[in-house]
Amino acid sequence: MSSREGPSRRKFGRIDPYCLMAVLPVLLVAGILGSLVNVLLGLGCAVFAGLILLFDSWANRPGPRPPEPEHAPRPVRPAQARPPARDPGRPPVRQPARGPRPPTGRAPAPARAPVRRAGPPPAAR
């Protein structure tokens, strides 16, 4: 099945807030360059920031829309039995506490000796 078949997908989506961490400094540089160095250079940086936003919006576009359901009857679920309601005068039932785990059939790991670290060298006399 081709990706072009079925319902269409929106072209753009929401802008990720973290994208602004890249765009705002570029816009700051664009403002500084445009006011102090060259207006065209500042406009070029501003266009670059706009392209970053455009790409981010395109990358975050939603998935394809689900196909329209044909007017088929919905399957009926069988009625589920509800558990009996708890008497409001009785305290809630507590689950039993978990005890120690049963042995798994293998021996416990042997205790290791403590690691000896080398101390400072002996003092020379």
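Keep in mind the model is a prediction, meaning the values are calculated, not measured. Residue numbers restart at each chain and count upward from 1, following the sequence in its written direction. Owing to the predicted nature of the model, reporting of local features is limited to residues with pLDDT of at least 70; listing and counting of side-chain atom pairs is limited to 80 or more, with chain, interface and lining totals taken over all residues. For side-chain calculations, the full set of non-hydrogen atoms in the structure is used, while hydrogens and water are omitted.

Describing helix H2 (residues 39-59)
Helix and strand definitions follow DSSP, with helices as H or I runs of at least four residues and strands as E runs of at least two, each counted in order from the N terminus. Given a helix with a known number of residues, its expected span is that number minus one, times 1.5 Å. For H2, which comprises 21 residues, the first-to-last C-alpha distance of 30 Å matches the rise-based estimate of 30 Å (1.5 Å per residue) to within 8%. Throughout, exposure labels follow a simple rule: accessible area from a 1.4 Å probe, protein chains only, divided by the maximum for the residue type, with under 20% read as buried, over 50% as exposed, and the rest as partly exposed. Burial in H2 covers these residues: Gly42, Ala49, Asp56 and Ser57. Along the axis of H2, the buried positions cluster into a sector of 105°, meaning they face one direction only. Those residues of H2 that are exposed and aimed more than 90 degrees away from the buried face are Leu40, Val47 and Phe55. Buried residues in H2 make contact with helix H1 (20-36). Any N or O atom pair separated by 3.5 Å or less is treated as a polar contact, with the protein-specific requirement of one donor-capable and one acceptor-capable atom, and with residues adjacent in sequence counted only for side-chain atom pairs. Sitting at the head of H2, Asn38 places a side-chain oxygen 3.2 Å from the backbone nitrogen of Leu40. This arc describes the spread of directions from the helix axis toward the C-beta atoms. Only heavy atoms matter for contacts: two residues are in contact if any of them lie within 4.5 Å across the pair.

Here's the deal with H1
Between its terminal C-alpha atoms H1 stretches 24 Å, which fits the 24 Å expected from 17 residues at 1.5 Å a residue. Taken together, the buried positions of H1 are occupied by Val23, Val26, Ala30 and Leu33. Buried residues along H1 cover an arc of 90° about the axis, so they all sit on one side. Of the exposed residues in H1, the ones pointing more than 90 degrees away from its buried face are Met21, Leu24, Leu28, Ser35 and Leu36. Each element contacted by the buried residues of H1 is listed here: H2.

A few points about the side chain of Ser57
Along the chain, Ser57 turns up in helix H2. Here Gly13 takes part through its backbone oxygen, which lies 2.8 Å from a polar atom of the side chain of Ser57. Excluding residues within four positions of it along the chain, Ser57 makes contact with Phe12, Gly13, Arg14 and Ile15.

As for the packing of H1 against H2
Working convention: axes come from line fits to C-alpha atoms, limited for helices to the stretch in contact. Angles between N-to-C directions cover 0 to 180 degrees. Contact geometry for H1 and H2: axes closest at 7 Å, N-to-C directions at 170°. Here H2 runs roughly antiparallel to H1, going by the angle between their axes. Counted together, Leu20, Val23, Val26, Leu27, Ala30, Leu33 and Gly34 of H1 and Val39, Leu41, Gly42, Cys45, Ala46, Phe48, Ala49, Ile52 and Leu53 of H2 form the full contact between these two elements. Amino acids are sorted into nonpolar (Ala, Val, Leu, Ile, Met, Phe, Trp, Tyr, Cys and Pro), charged (Asp, Glu, Lys and Arg) and polar (every other residue, Gly among them). For the contact of H1 with H2, the per-class residue count stands at 14 nonpolar, 2 polar and no charged. With respect to orientation, any angle under 35 degrees is reported as roughly parallel, any angle over 145 as roughly antiparallel, any angle of 65 to 115 as roughly perpendicular, and every other angle as oblique.

Regarding the packing of aromatic side chains
The criterion for an aromatic pair is that two Phe, Tyr or Trp rings (for Trp, the six-membered ring) have centres within 6.5 Å, with stacked assigned to planes under 30 degrees apart, edge-to-face to planes over 60 apart and tilted to the rest. Following the criterion strictly, the structure yields 1 aromatic pair and no others. Ring geometry for Phe55 and Trp58: centres 5.9 Å apart, planes at 35°, overall tilted. Taken together, the residues Phe55 and Trp58, both in helix H2 and 3 residues apart, mark about one turn of the helix. For Phe55, a relative accessible area of 54% gives the class exposed. By relative accessible area, Trp58 is classed as partly exposed at 41%.

Purely geometric stuff here, so don't read any function into it on its own.
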